[in-house]
Amino acid sequence: MAGRIVLDADSEVANVEISNPGKRNALNGEMWAELRSLFRELAGQETLRCVVVRGEGEHFAAGADIEEFHRIRSTRAQVTEYHERLVGEALASIYDCPVPVVAQISGACAGGGLEIASVCDLRIAARSSSLGIPIRLLGFPLAPREMEWLVRLVGSAVAAELLFEGRMLSADEALAKGILSRVVDDGALTDEVRRCVRSIVDGAPLAARINKQQLRRLMADSRPFTPEERLNAYAFADTEDYRIGVQAFLDKRPPKFKGR
């Protein structure tokens, strides 16, 4: 069966599943295109508060489907199309998603799988998972756009270790190197992600979107915010959610935000 991207969503939470279990959820060209389209659609959903990306079964995603290389990655033109239009735009659509995106990582998270995780906002992994980009024996480097996101996350020293040595890191090693947000026992992964999502959904959704915008801005450009950027951020004071949150705190009760 060909791989696919499966969406299970309600108005607030979208679960995006990478499904190619016969190949440890390796991604083919069609799957990258599906990811790109799906996240572009999710970006326009105003009630959405959180997205979870996970793999079907035991693994997150073991990279690219190498069996299709001769069909879609054999010439320079094909390679350019693959990385710039398919992989690059799919990763950009995840990175640009306006709500928090959580990667639920188990098993293998390698190559393109780690690239997907690197453009998520939070990465929660099972202790037995392994992470890396073992492409050093495949004859090609990491594409420039894909390297940008990796280096933004882990820095050039860790990126060099992953690329030059091709090491697959344990979850605990990846946590120590700043790749992961946290690591839990294998049997606790699903519950931990649910707790994470619940915390995000219970929070003020407009504030979360603004926080994400500001974090992305600083990740891409470390210069201080401009006066215009700073002043625009204070528009939160005009929202109903701001009043709801403050009043709920004063009343000592949980807030019920409306996203407006």
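Further up the page is the structure itself.
Because the structure is predicted, anything quoted here is derived from the model rather than measured. (Residues numbered from 1 in each chain as written. Predicted model: local features only at pLDDT ≥ 70, side-chain atom pairs only at ≥ 80, totals over all residues. Heavy atoms only, no water.)

Caption draft 1: Quick look at the overall build of the protein. Counting secondary structure elements, the protein contains 10 helices and nine strands. Radius of gyration (C-alpha) of the protein: 19 Å, near the 18 Å computed for a compact globule of 260 residues. Taking all 260 residues of the protein together, 47% fall into the buried category. Taking the intrachain contacts of the protein between residues at least 6 apart in sequence as the baseline, contacts between residues at least 24 apart amount to 68%. When the 34 basic and 37 acidic side-chain charges of the protein are each reduced to a single mean position, those positions are 3 Å apart. (Helix = DSSP H or I, 4+ residues; strand = E, 2+ residues; numbered from the N terminus. Rg over C-alpha atoms; globule rule 2.2 N^0.38 Å. Buried < 20%, exposed > 50% of the residue type's maximum accessible area, 1.4 Å probe, protein only. Contact = heavy atoms within 4.5 Å. Lys, Arg positive; Asp, Glu negative; His and termini not counted. Charge placed at Lys NZ, Arg CZ, Asp CG, Glu CD.)

Caption draft 2: Spotlight on the pairing of strand β3 (residues 50-55). Along β3, five of the six residues are buried, which leaves the element largely enclosed by surrounding structure. One ladder, built from six bridges, connects strand β2 (residues 13-19) with β3; its direction is parallel. Counterpart to Glu17 in the pairing with β3 is Arg54. Following the backbone out of β2, through helix α1 (residues 29-43) and into the adjacent parallel β3, one traces a crossover that is right-handed. When β3 meets strand β4 (residues 101-105), the two strands line up parallel, connected through four bridges. Bridging from a neighbouring strand, Val52 pairs with Val102 of β4. (Pairing = 2+ DSSP bridges. Right-handed = clockwise from strand over helix to strand, strands pointing away.)

Caption draft 3: Structural view of the layout of surface pockets. Taken as a whole, the largest pocket encloses approximately 380 Å³ of empty space. Around the largest pocket, the lining is made up of 27 residues, and of these Gly63, Ala64, Gly111, Gly112 and Ile135 lie nearest the centre. At the level of secondary structure, the elements contributing two or more residues to the lining of the largest pocket comprise α3 (76-95) and α4 (112-118). Taken together, the residues of the lining of the largest pocket break down into 18 nonpolar, four polar and five charged. Its boundaries defined by the atoms lining it, the second largest pocket holds a volume of some 240 Å³. Forming the boundary of the second largest pocket are 13 residues, of which Cys120, Asp121, Leu215, Arg216 and Met219 lie nearest the centre. At the level of elements, α5 (144-165) and α8 (205-220) are the ones that each hand at least two residues to the lining of the second largest pocket. (1 Å grid on protein atoms, 1.4 Å probe; cavity = no way out; pocket = protein on both sides within 12 Å on 5 of 7 lines; lining within 4 Å. Points joined across faces, edges and corners; volume = space filled by probe spheres on them. Nonpolar A, V, L, I, M, F, W, Y, C, P; charged D, E, K, R; others polar.)

Caption draft 4: Molecular detail of the packing of aromatic side chains. Here the structure, examined in full by the defined rule, presents three aromatic pairs. Ring centres 6.0 Å apart and planes at 45° place the aromatic pair Tyr95 and Trp149 in the tilted group. Remark: Trp149 occurs in helix α5 and Tyr95 occurs in helix α3; sequence separation between them is 54 residues. The two residues Tyr95 and Trp149 agree in class, both being buried. (Phe/Tyr/Trp six-rings, centres within 6.5 Å; stacked < 30°, edge-to-face > 60°.)

Caption draft 5: Summary view of the environment of Glu146. Along the chain, the position of Glu146 falls in helix α5. A relative accessible area of 4% places Glu146 in the buried class. Glu146 sits 111 residues away from Leu35 along the chain, and the two C-alpha atoms are 15 Å apart. Beyond its immediate chain neighbours, meaning those up to four positions away, Glu146 contacts His83, Val87, Leu91 and Glu115.

Caption draft 6: Broad picture of the packing of α1 against α3. Between α1 and α3, the least distance of the axes is 8 Å, while the angle of their chain directions is 35°. Crossing hand, α1 versus α3: left-handed. Residue-level inspection shows Gly29, Trp32, Ala33, Leu35, Arg36, Phe39 and Arg40 of α1 in contact with α3, the latter providing Tyr82, Arg85, Leu86, Val87, Glu89, Ala90, Leu91, Ser93 and Ile94. In terms of residue class, the contact of α1 with α3 is built from 10 nonpolar, two polar and four charged. (Axes fitted to C-alpha atoms, helices over the stretch in contact; angles between N-to-C directions. Left-handed = near helix turned anticlockwise from the far one by under 90°.)

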